[in-house]
Amino acid sequence: MTMQTPLTRETDASGGSAPGPRTAATRVHRRVGSLHRTEPMYYFFVVPALVLFTAFVVAPACVGVFYSFTDYLGFGAWHFLGLENYKALVSDPSILASYGFTLGFALVTVVVTQVIALALAIGLTKKVKYAAGLRSVFVIPMVVSGIVVAYVFNYLFSNTLPALATSVGFGPLEQSILGDPNLAWLSIVIVSAWQTVPGALLVYTAGLTSIPNDLYEASALDGAGAWKQLRSITLPLISGFIVINTVLGVKGYLGAYDVIVGLTGGGPGTATSSVAMTIFGGFTGGDYAYQMANATVFFIITVLISVLQLAATRGRNLRLA
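As a starting point, this report considers the structure included with it. Remember, predicted model here, so these are calculated numbers, not experimental data.

## Some points on the packing of aromatic side chains
Then, number 1: This structure, assessed with the given rule, holds 17 aromatic pairs.
Then, number 2: Pairing Phe66 with Trp78 gives two aromatic rings, centres 5.4 Å apart and planes at 90 degrees, and the pair type is edge-to-face. On the criterion of sequence distance, the pair formed by Phe66 in helix α2 (residues 40-67) and Trp78 in the loop between α2 and α3 (84-90) is long-range, its members being twelve residues apart.
Then, number 3: Relative accessible area serves as the criterion here: at 35%, Trp78 is assigned to the partly exposed category.
Then, number 4: Seen in terms of ring centroids, Phe69 and Tyr86 are 5.3 Å apart; in terms of plane orientation they differ by 40 degrees. Their pairing is tilted.

## Examining unusual backbone geometry
Then, number 1: With omega at -5 degrees, the peptide bond leading from Gly267 into Pro268 counts as cis.
Then, number 2: Following the sequence through the fold, Pro268 ends up in the loop between α11 (258-263) and α12 (275-284).

## Regarding the nonpolar core
Then, number 1: Residues Phe105, Phe157, Ile188, Val191 and Leu263 are the most contacted members of the largest nonpolar core, which totals 35 residues.
Then, number 2: Those residues within four positions of Ile188 in sequence are excluded, and the remaining contacts are Phe101, Phe105, Val259, Ile260, Leu263, Thr264 and Thr272.
Then, number 3: Counting residues in hydrophobic clusters, the runner-up holds 14 residues, among them Val197, Leu201, Tyr204 and Phe241.

## Details of helix α7 (residues 184-209)
Then, number 1: An ideal rise of 1.5 Å per residue puts 38 Å on 26 residues; α7 measures up with 38 Å between its terminal C-alpha atoms.
Then, number 2: Largest kink in α7: about 40 degrees, centred on Thr196, with the proline Pro198 one to four residues after it.

## Points about the packing of helix α8 (residues 213-221) against helix α9 (residues 226-237)
Then, number 1: Relative to each other, α8 and α9 sit at 160 degrees, their axes nearing to 11 Å. Considered as vectors, α8 and α9 are oriented roughly antiparallel to each other. Crossing handedness for the pair α8 and α9: right-handed. The segment α8 lies against α9, with Leu215, Tyr216, Ser219 and Ala220 engaging Gln229, Ile233, Thr234 and Leu237.
Then, number 2: Its residues assigned to classes, the contact of α8 with α9 shows five nonpolar, three polar and no charged.

Definitions and cut-offs
Residues numbered from 1 in each chain as written. Predicted model: local features only at pLDDT ≥ 70, side-chain atom pairs only at ≥ 80, totals over all residues. Heavy atoms only, no water. Phe/Tyr/Trp six-rings, centres within 6.5 Å; stacked < 30°, edge-to-face > 60°. Helix = DSSP H or I, 4+ residues; strand = E, 2+ residues; numbered from the N terminus. Buried < 20%, exposed > 50% of the residue type's maximum accessible area, 1.4 Å probe, protein only. Core = buried A, V, L, I, M, F, W, Y, C linked by side-chain atoms within 4.5 Å. Contact = heavy atoms within 4.5 Å. Expected span 1.5 Å × (residues − 1). Bend = angle between axes of the 7 residues up to and from the residue. Axes fitted to C-alpha atoms, helices over the stretch in contact; angles between N-to-C directions. Parallel < 35°, antiparallel > 145°, perpendicular 65-115°, else oblique. Left-handed = near helix turned anticlockwise from the far one by under 90°. Nonpolar A, V, L, I, M, F, W, Y, C, P; charged D, E, K, R; others polar.

Honestly, that's just the spatial picture; any functional story needs more than this.
Written as structure tokens, this is what we have:
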């Protein structure tokens, strides 16, 4: 009588044969191993991109950080200074003013942008006529270059708006606000918001369309009005989208450059000079090492905001999923 070992095959209840335990385990092991094996084609795409990124982004950044500890002018010889450039940043009025303007502008603009984008998203997700066409119209500013938008609004603020204010006798706007140190920042807020509202609008639209209509119908039966629904249903359920839009908006406005160049050029004087403008101006003005220290500090601030974004959205994304 021949005995069947578990090393080959076993007979199942239907009379057929099934793989033995060791054979099945071997097959599973091979299958798992194949899943963890990286195809050579992946390296064909990843390695060149990694080399280019290192050569044109990481390496220059590291060189720039090194020169921030020197007195390098961008050419010629240099001497090591240690932390002197960083110490000077703390007491430099122009640097502190640029950070103050950039942070203040970013906070004001992100509030204006989010309020307008959320209001438009709520309106466009309701059953209104031509909602699809209006969404397309509102998205148009996203595809226009920032410098082009800035030059167009520069003409409007410098010529059209003062002429209109003069015709109706509105004194405060008869002169261009671009030449007023106390009002020039408003033009940058207006243009930046006009250009970035569409992106926030798309995010809010995606969030609003994910809310079941049953919640609104049930709350309406309980007597909740539009304002109560907004506070108790809409805002809590899209809170994750609000956080994402807010943090991304602040990060984007911190690097504002092209809109400011096209509108005010950092003026009047240095009233609207952002951190990015100050850094680029130093690169071309023989202040390379000092502005590299400024750029390093600015980079650290941006990284901290990115970390805050991940910490603030990680749990919310899990709940939304």
